[in-house]
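What the coordinates show
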Number of protein chains: 2
Amino acid sequence: MRNVYIRGVGMTKFGPTQSRLEEMMYEAAVQAMSDAAVEDVDAVVVGAMSPESFTGESNISAFITDYLGLVPKPTIRIETASSTGAAIFDGAFFALASGFFRNILVLAGEKMTTLGTAAATRILSEVLSPQERRQGGTMPALAALVCRAYMHASGCPREALTYVAVKNHRNAVKNPYAHFQFPVDAARVETSKVIADPLRLYDCSPMSDGAAAMVMTTDKTPIRVAGIGHGTDYVSLAQRESLTSFSSTRVAAQKAFKLAEIKPSKIDIAEIHDAFTPFELIGCEDVGFFDPGTSWKEILKGETALDGPLPVNPSGGLKARGHPVGASGLAQIIEIVWQLRGHAGARQVGKPLRYGLTQSVGGMATSNIVTILEKTG
Amino acid sequence: MRNVYIRGVGMTKFGPTQSRLEEMMYEAAVQAMSDAAVEDVDAVVVGAMSPESFTGESNISAFITDYLGLVPKPTIRIETASSTGAAIFDGAFFALASGFFRNILVLAGEKMTTLGTAAATRILSEVLSPQERRQGGTMPALAALVCRAYMHASGCPREALTYVAVKNHRNAVKNPYAHFQFPVDAARVETSKVIADPLRLYDCSPMSDGAAAMVMTTDKTPIRVAGIGHGTDYVSLAQRESLTSFSSTRVAAQKAFKLAEIKPSKIDIAEIHDAFTPFELIGCEDVGFFDPGTSWKEILKGETALDGPLPVNPSGGLKARGHPVGASGLAQIIEIVWQLRGHAGARQVGKPLRYGLTQSVGGMATSNIVTILEKTG
């Protein structure tokens with residue numbers, strides 16, 4: 001198998017926009033191809049969770065490839081709910097590793113704000129167990145269940161959830177691509193409206209529009225894909241062995257670290273899927289940064305702050321960079337690329353960086369993906 | 001890169017059913033895994049064009065992997081409109097060629113009959129150019145435009161379209177998996193109702209439910225994947241260089257034959273995407289079986305009959321085996337596997353077979369895929 005590298009990246013600002021999905025993808029793709037200094041690619045891998053439902057668009061990979069002027073290049077669409085952006089990265093990784101391609105454009109996007117929040121919430125809830133949906137299980141409702149179980153088992157206080165929101169908003173202030181470029185203080189978080197107890201408004205990522213793109217290659221560049229892993233879990237929470245840990249993340253992380261031949265302690269920076277603030281705490285444990293039930297203590301000590309020993313979500317995370325569902329997984333990887341390259345502007349982590357990790361959650365943790373990048377140059 | 005082989009296959013009978021999508025996929029997957037004599041696989045690649053629209057199901061790859069009892073194996077969904085079943089084969093091919101996996105379960109299905117024909121026609125038309133849809137361009141309407149252009153340019157008579165329908169129904173009578181297991185004569189075809197002039201009812205494939213599954217492997221088996229290729233084209237017909245040939249097929253075929261290192265004349269049997277009867281004529285030319293504009297003459301001579309020198313659509317094709325859109329591409333490949341193995345029952349082609357080809361059309365020929373299999377054992 002060939003080594004796989006990242007050649008160029010691009011992204012739109014996340015947040016509500018009048019732009020159509022293909023226009024956002026075009027903007028991101030042009031940036032990525034310009035950054036990669038390529039005028040052509042061998043294939044196009046497109047990610048979107050549900051343009052069929054959000055905007056009534058179908059056959060999206062062919063539409064985008066045409067719109068980008070890349071006909072007759074082959075194209076496919078890959079989808080794994082909210083980890084789609086990471087899944088397209090995986091798909092292109094294997095295709096490149098096979099030696100059949102040299103440069104592949106991967107691009108992901110979602111246009112979520114067209115129909116309004118109620119319709120988008122319904123569409124997002126279709127990824128859940130029908131049995132649990134019939135009991136009122138929307139995505140925030142089930143995340144609240146997980147949060148409550150985690151707080152009960154670990155002793156995690158409300159303060160730790162608040163810290164995640166405050167930290168990620170603070171990071172996003174420095175990120176020109178972020179949906180929310182404003183700080184929030186603890187009082188604002190803790191007095192915001194209850195979405196699904198104990199989750200409040202500022203514990204939840206927003207509905208965003210946005211797109212991200214990347215040129216991946218078998219040519220050596222300074223950013224190598226060191227590890228990838230993907231795990232699944234039962235759709236119904238009732239069947240899970242635990243509510244306070246996502247086994248799909250643990251499986252994915254084990255595979256990714258095995259491939260990278262490193263331990264979690266070697267990771268210098270990470271983007272963790274914080275669609276809800278407790279997910280960042282659980283994610284940090286599941287990938288092996290902290291022992292089970294202890295994330296909240298480490299996080300409250302400032303371990304994951306931008307100037308801490310292990311910065312988590314320097315971009316602002318899904319919480320504050322925004323969460324266009326199909327794009328987030330790729331946006332996480334792009335943030336790590338920018339950080340490893342030293343191109344992250346005001347939010348650049350100061351310490352030397354070698355390994356960066358991303359963790360992406362598909363659905364209610366039914367299809368989770370972990371990626372490890374290494375700066376080799 | 002590793003060689004890739006086919007280890008086992010399975011399929012449901014196509015046609016309207018009360019079974020749900022996951023039940024059909026389960027039935028096909030159990031057959032394929034039993035045929036492959038494996039109890040586990042390393043990954044699951046799921047194909048469906050639009051369960052979101054047809055039945056309101058989302059996150060389909062995680063649902064299916066759970067339903068099959070294959071948690072925590074990684075899974076993705078791949079989609080390329082009506083060539084989806086072939087695209088998942090491609091995706092798994094590259095993943096296997098990379099050496100990261102040994103056995104991958106690919107399974108594809110579509111549940112199209114739930115909402116009725118009018119709604120399904122609307123969903124299928126979403127793959128087309130919005131500009132052409134606004135002019136009344138449904139899928140049959142645009143296929144009729146292509147048909148008219150082809151007949152005008154080549155001199156193809158109505159009789160040749162009829163022959164395709166009659167031949168494919170005749171083959172399907174011998175196929176227990178076929179949606180339509182009854183013969184039609186020329187008079188019945190030519191007096192059937194006009195769908196979009198010159199296309200009549202029996203020129204069009206039906207809305208079908210169905211699923212197909214396959215275990216692909218890097219272990220040597222008697223059926224090797226010799227070549228694959230994928231090409232795209234402009235979504236709008238108005239931008240095409242030709243209406244009487246699909247350049248996406250030509251690009252795909254050139255790649256597949258180059259990889260297989262053979263000429264089209266070496267192909268012994270083929271499944272060609274006959275969603276509409278003229279597509280079989282055009283497809284046979286685009287993959288290189290016959291010169292442009294001459295398919296109809298060869299077909300009327302019986303060249304592609306089950307007992308002819310180059311049997312095309314021994315299964316009955318999309319026309320008569322049925323066309324559950326996400327599954328058809330994989331069903332085509334499975335028919336070739338059965339034929340190469342000598343397992344095709346009453347429709348088994350009598351002559352010795354070495355190479356078989358499939359051609360699959362995504363959307364209005366925006367994402368076409370050609371696959372070549374070789375019997376090596």
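Conventions used here
Residues numbered from 1 in each chain as written. Chains lettered and ligands numbered in written order. Predicted model: local features only at pLDDT ≥ 70, side-chain atom pairs only at ≥ 80, totals over all residues. Helix = DSSP H or I, 4+ residues; strand = E, 2+ residues; numbered from the N terminus. Rg over C-alpha atoms; globule rule 2.2 N^0.38 Å. Contact = placed C-beta atoms within 7 Å. Pairing = 2+ DSSP bridges. Buried ≥ 20, exposed ≤ 12 C-beta atoms within 10 Å, placed from the backbone. Core = buried A, V, L, I, M, F, W, Y, C linked by C-beta atoms within 7 Å. Least-squares fit on C-alpha atoms with pLDDT ≥ 70 in both. Expected span 1.5 Å × (residues − 1). pLDDT = per-residue confidence, 0-100. Axes fitted to C-alpha atoms, helices over the stretch in contact; angles between N-to-C directions. Parallel < 35°, antiparallel > 145°, perpendicular 65-115°, else oblique. Left-handed = near helix turned anticlockwise from the far one by under 90°.

As a further point, take the overall build of chain A. Scanning chain A for helices and strands turns up 14 helices and 11 strands. Scaling as 2.2 N^0.38, a compact globule of 377 residues should have a C-alpha radius of gyration of about 21 Å, and chain A matches this with 19 Å. Within chain A, contacts between residues at least 6 apart in sequence are counted, and of these 77% link residues at least 24 apart.

So, about the interface of chain B and chain A. Facing the 46 residues of chain B at the interface are 46 residues of chain A. For the side of chain B that touches chain A, the secondary-structure elements that each account for two or more residues are α2 (51–54), α3 (60–67), β3 (75–79), α4 (84–97), β8 (223–232) and α10 (247–260) of chain B. Relative to β3 of chain B, strand β3 (residues 75–79) of chain A is paired through 3 bridges, and the arrangement is antiparallel. What sits directly across from Glu-79 of chain A, in β3 of chain B, is Arg-77 of chain B.

Turning our attention to α3 of chain B. Counted residue by residue, α3 of chain B has 7 buried out of 8 residues, so it is predominantly covered. All of the buried residues in α3 of chain B are Ile-60, Ser-61, Ala-62, Phe-63, Ile-64, Thr-65 and Asp-66 of chain B. The inward-facing, buried residues of α3 of chain B contact β8 (223–232) and β11 (367–375) of chain A together with α1 (21–36), β2 (43–47), α2 and β3 of chain B. With its phi angle positive at about 75°, Gly-69 of chain B sits one or two positions after the end of α3 of chain B.

Core analysis: the largest hydrophobic core is formed by 274 residues, its most contacted members being Val-106 and Leu-330 of chain A together with Val-106 and Leu-330 of chain B. Aside from chain neighbours lying at most four places away, what touches Leu-330 of chain B is Gly-47, Gly-85, Ala-86, Ile-88, Phe-89, Val-106, Ala-108, Ala-212 and Met-214 of chain B.

On to the pairing of strand β1 (residues 5–11) of chain B. Residue and element names in this part refer to chain B. Counting buried residues along β1, 7 of its 7 residues qualify, which places the element largely inside the surrounding structure. As judged from the 6 bridges shared by β1 and strand β7 (residues 209–217), these two strands associate in the antiparallel manner. The residue bridging Gly-8 from the neighbouring strand is Val-215, located in β7. Note: β1 against β8, 2 bridges, orientation antiparallel. Note that in β8 the partner of Ile-6 across the bridge is Ile-223.

Before going further, it helps to spend a moment on the pairing of strand β11 (residues 367–375) of chain B. It is a general feature of regular strands that their side chains alternate between the two faces of the sheet. Residues and elements named next belong to chain B. Taken across its 9 residues, β11 has 9 buried, putting it largely inside the fold. Residues Ser-367, Ile-369, Thr-371, Leu-373 and Lys-375 point to one face of β11 and Asn-368, Val-370, Ile-372 and Glu-374 to the other, with burial holding for every one of them. Examined bridge by bridge, β8 and β11 share 9 bridges and lie antiparallel to one another. Looking at the pairing, Thr-232 lines up with Ser-367 of β11. Of the pairings in the sheet, the one linking strand β10 (residues 355–360) to β11 comprises 6 bridges and is antiparallel in character.

So, on to unusual backbone geometry. Residue and element names in this part refer to chain B. For the bond from Val-71 to Pro-72, the omega torsion is 10°, close enough to zero to count as cis. Of note, Pro-72 is situated in the loop between α3 and β3. The amide bond that connects Asp-197 to the next residue, Pro-198, takes the cis arrangement and shows omega of 10°. Relative to the elements of secondary structure, Pro-198 occurs in the loop between β5 (194–196) and β6 (199–200).

Turning to the environment of Pro-74 of chain A, a few remarks are in order. By secondary structure assignment, the location of Pro-74 of chain A is in the loop between α3 (60–67) and β3. Sequence separation between Pro-74 of chain A and Ala-43 of chain A is 31 residues, and the spatial gap between their C-alpha atoms is 5.1 Å. Aside from chain neighbours lying at most four places away, what touches Pro-74 of chain A is Ala-43 of chain A together with His-230, Gly-231 and Thr-232 of chain B.

Note on the identical chains: chain B maps onto chain A by a rotation of 180° and an axial translation of 0.0 Å, with an RMSD of 0.0 Å. The transformation just described matches what one would write down for a two-fold rotation axis. Considering only C-alpha atoms, the residue of chain B closest to the rotation axis is Ser-98 of chain B, which sits at 1.8 Å. Take the interface residues of chain B: 100% of them recur as interface residues in chain A, which is what a same-surface contact looks like.

Take helix α10 (residues 247–260) of chain A next. Residues and elements named next belong to chain A. Helix length check: α10 (14 residues) gives 20 Å between terminal C-alpha atoms against 20 Å at 1.5 Å per residue, within 8%. On the buried face of α10, the contacting elements are β8, α11 (277–286), β10 (355–360) and β11. A positive backbone phi angle near 60° is found at Glu-261, which sits one or two residues after α10.

Right, let's get into the environment of Leu-353 of chain A. All names here are of chain A. Mapped onto the elements, Leu-353 comes out in the loop between α14 (328–341) and β10. Between the C-alpha atom of Leu-353 and that of Gly-116, which follows or precedes it by 237 residues, the distance is 40 Å. The residues contacting Leu-353, other than those within four sequence positions of it, are Asp-268, Ile-269, Gln-339, Leu-340 and Lys-375.

Let's shift gears to the confidence of the model for chain A. On average, residues of chain A carry a pLDDT of 97, and 100% of them reach 70 or more. The ipTM for the predicted assembly is 0.97, set against a pTM of 0.98.

What follows covers the environment of Ala-196 of chain A. All names here are of chain A. Relative to the elements of secondary structure, Ala-196 occurs in strand β5 (residues 194–196). Once the C-alpha coordinates of Ala-196 and Ile-78 are considered, the two residues, 118 residues apart in sequence, prove to be 31 Å apart. Dropping the residues within four chain positions of it, Ala-196 is found in contact with Pro-140, Ala-141 and Ala-144.

Moving on to the packing of helix α7 (residues 139–154) of chain B against helix α11 (residues 277–286) of chain B. Residues and elements named next belong to chain B. Put simply, α7 and α11 touch, their axes get as near as 9 Å, and they point 55° apart. In terms of orientation, α7 lies oblique with respect to α11. Between α7 and α11 the crossing geometry is left-handed. Two secondary-structure elements touch here, α7 through Val-146, Cys-147 and Tyr-150 and α11 through Pro-278, Leu-281 and Ile-282.

Bringing the packing of helix α1 (residues 21–36) of chain A against α3 of chain A into the picture now. Residues and elements named next belong to chain A. The interhelical angle for the contact between α1 and α3, taken along N-to-C directions, is 55°, at an axis separation of 10 Å. Classed by the angle they form, the pair α1 and α3 counts as oblique. Taken as a pair, α1 and α3 cross one another with a handedness that is right-handed. For the pair formed by α1 and α3, the contact residues are Glu-22, Met-25 and Tyr-26 on the first element and Phe-63, Ile-64 and Tyr-67 on the second.

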